[in-house]
Amino acid sequence: MNDLFSNWLASGDAGPCCFQDGGHGYIVVRIEKNADFEYLFCQQLYHKENLTRSGTFKYAGIYCRKDGLLYDIQYSFSEIAEGPEAIKERSAETLREKLKAAVREKVEAAIGNDRSNLQVAEITDSGLLSRLEYTLNYDAKETARRRYLDTVDFEPQAFSCHYDPDHWKEDSLLSYIADPEGYAQKQAEDFIAENQENMLFDFLYNDAVLKEYRAILADTKNPVHLIKKISAAMATTSAKTVNVTISKNGTEFTFKTEAFSLRGDCGSHYNSWSIVAADRRKFEELFGRSADYTPGEILCITYARNVLYEAGK
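Everything numeric in this text was worked out from a predicted model, so none of it was measured. (Residues numbered from 1 in each chain as written. Predicted model: local features only at pLDDT ≥ 70, side-chain atom pairs only at ≥ 80, totals over all residues. Heavy atoms only, no water.)

Student: How do you make sense of the overall build of the chain when you look at a structure like this?
Tutor: Secondary structure assignment for the chain yields ten helices and nine strands. In summary, the chain has a C-alpha radius of gyration of 31 Å against a globular reference of 20 Å for 313 residues, an excess of more than 25%. Each principal axis of the C-alpha atoms in the chain carries an extent, and together these give about 90 × 55 × 30 Å. Out of the 313 residues in the chain, the part that is buried amounts to 40%. Of all intrachain contacts in the chain linking residues separated by at least 6 positions in sequence, the fraction that spans at least 24 positions is 58%. Within the structure as shown, the chain displays about 18,400 Å² of accessible surface, and the carbon and sulfur contribution to it stands at 49%. Of the charged side chains in the chain, 37 are positive and 49 negative, and the gap between their average positions amounts to 8 Å. (Helix = DSSP H or I, 4+ residues; strand = E, 2+ residues; numbered from the N terminus. Rg over C-alpha atoms; globule rule 2.2 N^0.38 Å. Buried < 20%, exposed > 50% of the residue type's maximum accessible area, 1.4 Å probe, protein only. Contact = heavy atoms within 4.5 Å. Areas by Shrake-Rupley, 256 points an atom, 1.4 Å probe, with all protein chains shown as cover. Lys, Arg positive; Asp, Glu negative; His and termini not counted. Charge placed at Lys NZ, Arg CZ, Asp CG, Glu CD.)

Student: What's the story with the nonpolar core in this structure? I'm lost.
Tutor: The tendency in soluble globular proteins is for nonpolar side chains to be buried as a group. Among the nonpolar cores identified, the biggest contains 33 residues, and V244, I246, L262, F283, Y293, I298 and I301 are the most heavily contacted of them. Sorting the residues of this core by element identifies helix 5 (126–150), helix 8 (196–218), helix 9 (224–234), strand 6 (241–248), strand 7 (251–258), helix 10 (277–287) and strand 8 (298–303) as the ones contributing at least two each. Excluding anything up to four places from it in sequence, I301 contacts I230, M234, V242, N243, V244, L262, N306, V307, L308 and Y309. (Core = buried A, V, L, I, M, F, W, Y, C linked by side-chain atoms within 4.5 Å.)

Student: Please clarify how the packing of helix 5 against helix 9 should be interpreted in this entry.
Tutor: In a pair of packed helices, the angle between the axes and the distance between the axes together describe the arrangement. Packing of helix 5 against helix 9 brings their axes to within 9 Å, and their N-to-C directions diverge by 35°. In this structure, helix 5 crosses over helix 9, and the sense of that crossing is right-handed. Facing R145, Y148 and L149 of helix 5, the residues of helix 9 in contact are V224, H225, I227 and K228. Class assignment of the residues belonging to the contact of helix 5 with helix 9 gives a composition of four nonpolar, one polar and two charged. (Axes fitted to C-alpha atoms, helices over the stretch in contact; angles between N-to-C directions. Left-handed = near helix turned anticlockwise from the far one by under 90°. Nonpolar A, V, L, I, M, F, W, Y, C, P; charged D, E, K, R; others polar.)

Student: What is the right way to read the sheet that holds strand 7 from this model?
Tutor: Strand pairing in a sheet relies on backbone hydrogen bonds. The paired strands run either parallel or antiparallel. The four strands lie next to each other as 7-6-8-9, forming an open sheet whose pairing is antiparallel. At either end of the open sheet lies a strand with only one pairing partner, and these are strand 7 and strand 9 (306–310). Ignoring strand direction, the axes of neighbouring strands in this sheet form an average angle of 25°. Judged from the four bridges that link them, strand 8 and strand 9 form a sheet pairing that is antiparallel. For Y303, the partnering residue across the bridge sits in strand 9 and is N306. Packed on one face of the sheet, helix 9 meets strand 6, strand 8 and strand 9 and runs near 160° to strand 9. Here helix 10 sits on the sheet in contact with strand 6 and strand 7, set at roughly 150° to strand 7. (Pairing = 2+ DSSP bridges.)

Student: Explain the packing of aromatic side chains to me, please; I cannot follow it from the model alone.
Tutor: Both the distance between ring centres and the angle between the ring planes are used here to describe each pair of aromatic rings. Applying the stated criterion across every chain yields a total of 22 aromatic pairs. Arranged with centres 5.9 Å apart and planes meeting at 90°, the rings of Y163 and F191 form a pair that is edge-to-face. Residue Y163 is found in the loop between helix 5 and helix 6 (170–178), and its partner F191 is found in helix 7 (residues 180–194); the two are separated by 28 residues along the sequence. By relative accessible area, Y163 is classed as buried at 5%. Using a relative accessible area of 15% as the deciding quantity, one classes F191 as buried. The structure contains a cluster of three or more aromatic residues connected by ring pairs, namely F253, F255, Y270, F283, F287 and Y293. One cation-aromatic arrangement involves R90 over Y71; the distance from NZ or CZ to the ring centre is 5.7 Å. Lying over the aromatic face of Y148, K228 brings its terminal NZ or CZ to 4.2 Å of the ring centre. (Phe/Tyr/Trp six-rings, centres within 6.5 Å; stacked < 30°, edge-to-face > 60°. Lys NZ or Arg CZ within 6 Å of the ring centre and 35° of its normal.)

Student: Quick question: what am I supposed to make of helix 1 (residues 3–11) here?
Tutor: An α-helix turns once per 3.6 residues; consequently, residues spaced three or four apart project the same way. Residues of helix 1 that are buried include every one of F5, W8 and L9, and no others. The buried residues of helix 1 occupy an angular sector of 100° when projected down its axis, which confines them to one face. Every exposed residue of helix 1 that faces more than 90 degrees away from the buried side is listed here: D3, N7 and A10. (Arc of directions from axis to C-beta.)

Pasting the structure below:
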């Protein structure tokens, strides 16, 4: 930070601060917001030394008298204020992220992944009841499927807080800077008091996902088990294309297809559009233009004479 500017900040001098830095001139004025904060406004003089009539003073940041630090530093002022890391650390955006993390941590600690710490035992809000019905019928199944495909060992989802602070208002930003811990604590208490049924919904949602996950494990004939094996086998190679042998309608056929099509969740079938053009024409001649192939129809997948996947193994 420029020494002249730094000394001016600490001095409390009500007059403007004029200095040169990096070939540019700066005129900074301070206006008291309250007993703890001052707003800084700056006119930057490009290769000039004197105040100009056409120049404008732009908001440059906040000076906190309590800790002597600058907050919410604006771009036009950043070069002479502090290093880039310090500026980013006390930017409005970073402060908002810090608040979000602190409140979520406090709420999760208070609830302790234990629904008995809530003050409600059932959901009465009509909107949440509709969401819960959809979750039980659809969303939980999809989430359980994704978690089965994406994880090695399933861990039941613990309660997590979804607090997301509003964008800063004039007074809320200053209140947080003045007392980050106290402000976060109050936000956590308010969130807990106002979101009891929403938090219960999260517990019930996690219950539903766990139930559907267990159903997947119990249903050994569910094609998702084959999809996971195929995807895992494809993860062992960086090949762009592989050879696939299928048995469909009593006919065995080998073709070359794009490897990426076998690396993810295909749903109920693999699309024939990923088959290379020459082989796709043969595929359509054998099985029809709208045909596809399922995980259960794949006999083996090979690449450069290496067997990547083989049914039943």
